Amino acid sequence: MARKKIKVNNKEFNIAYDIFNLDKQKNIIFLHGWGSNKDIMKVFKDDFNEFKLIFIDMPGFGKSSNKYILTTKEYSLIVDEFLKSLNIKKDIIVGHSFGGKVATLLNPECLVLLASAGIVLPKPLKVRLKIKFYKTLKKLGLSKFRKYFVSEDVKGMSENMYETFKNVVDEDFSEIFSNYKGKVLIFGGDKDMAVPPVAIEKQSKLLNSNNIMLNGDHYFFLKKENKETVVKEIKKCK
């Protein structure tokens, strides 16, 4: 693992990353989802010997530092500056979940979305009631009970990452997806509860592309047969 210090909008970050196949010319950049890190994306490490592979811990995750409240746009600027600092061209970017939104903003030649976030769906009644109850407690000065109401995605995280999560969790990327004009591959899991098939279908329409629905949950690409399908399709972006 290596680290790279960068500065974006007067904010400093120490980015942890791994690069493999340094002698190759064409790049694949991997961006993990919220609450995860680059290690989960290394499931693809041995599948692309003809590409240079770049695995990044985005700020606040894995070994990359973050002491700020960020937006998805800022995450894309940070990753972009990091890539520029290493002279890495954005040939192919593979983004999982939250990483899919960041990948889209980076506007690569080939965009690969794995259960990408960015489509806002109505929240279940149970969740809406929980949010309403917590807001009532907050008005009463009882925000100390936040830990009992926050999403599993932010439990144990710092206050600034909790605020960052609130910035990014319900973003509607419909217009951003529609404006992307490069090559795109869209994958989803038929049992995914975080990014369900209906969200993948909406992405496909916005991006004017077919999607490949695979058997599995939000991490469908960890299954050997699904990973093989994803790898096969990505290699067509050459």
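Residues numbered from 1 in each chain as written. Predicted model: local features only at pLDDT ≥ 70, side-chain atom pairs only at ≥ 80, totals over all residues. Heavy atoms only, no water.

Draft legend 1. Quick look at the overall build of the chain. Helix and strand counts for the chain come out as 8 helices and 8 strands. Buried positions account for 47% of the 238 residues belonging to the chain. Excluding contacts between residues fewer than 6 apart, the proportion of contacts in the chain whose partners are at least 24 apart in sequence is 69%. Approximately 12300 Å² of the chain is accessible, and the part contributed by carbon and sulfur atoms is 51%. (Helix = DSSP H or I, 4+ residues; strand = E, 2+ residues; numbered from the N terminus. Buried < 20%, exposed > 50% of the residue type's maximum accessible area, 1.4 Å probe, protein only. Contact = heavy atoms within 4.5 Å. Areas by Shrake-Rupley, 256 points an atom, 1.4 Å probe, with all protein chains shown as cover.)

Draft legend 2. Up close: the side chain of Asn-66. When you line up the elements, Asn-66 lands in the loop between β4 (52–56) and α2 (72–85). Only 2.9 Å separates the side chain of Asn-66 from the backbone oxygen of Tyr-68, close enough to count as a polar contact. Not counting the four nearest positions on each side in its chain, Asn-66 is found in contact with Phe-13, Pro-59, Gly-60, Tyr-75, Asn-160 and Met-161. (Polar contact = N/O pair within 3.5 Å; in protein donor to acceptor, adjacent residues only side chain to side chain.)

Draft legend 3. View of the environment of Asp-46. With respect to the secondary-structure elements, Asp-46 resides in the loop between α1 (38–41) and β4. Overall, the relative accessible area of 60% leaves Asp-46 in the exposed class. Separated by 26 residues in sequence, Asp-46 and Phe-20 have C-alpha atoms that sit 9.4 Å apart. Looking at Asp-46, its side chain comes within polar contact range of the side chain of Lys-45, at 3.3 Å.

Draft legend 4. Molecular detail of the pairing of β4. Here β4 lies mainly inside the structure; 5 of its 5 residues are buried. Side-chain alternation along β4 places Lys-52, Ile-54 and Ile-56 on one buried face and Leu-53 and Phe-55 on a second face that is also buried. The pairing of strand β2 (residues 11–20) with β4 spans 4 bridges and is antiparallel. Paired with Tyr-17 across the bridge in β4 is Ile-56. As paired strands, strand β3 (residues 27–31) and β4 are joined by 5 bridges and run parallel to one another. Bridge pairing in β4 links Ile-28 to Leu-53. (Pairing = 2+ DSSP bridges.)

Read these as spatial facts, not as claims about activity.
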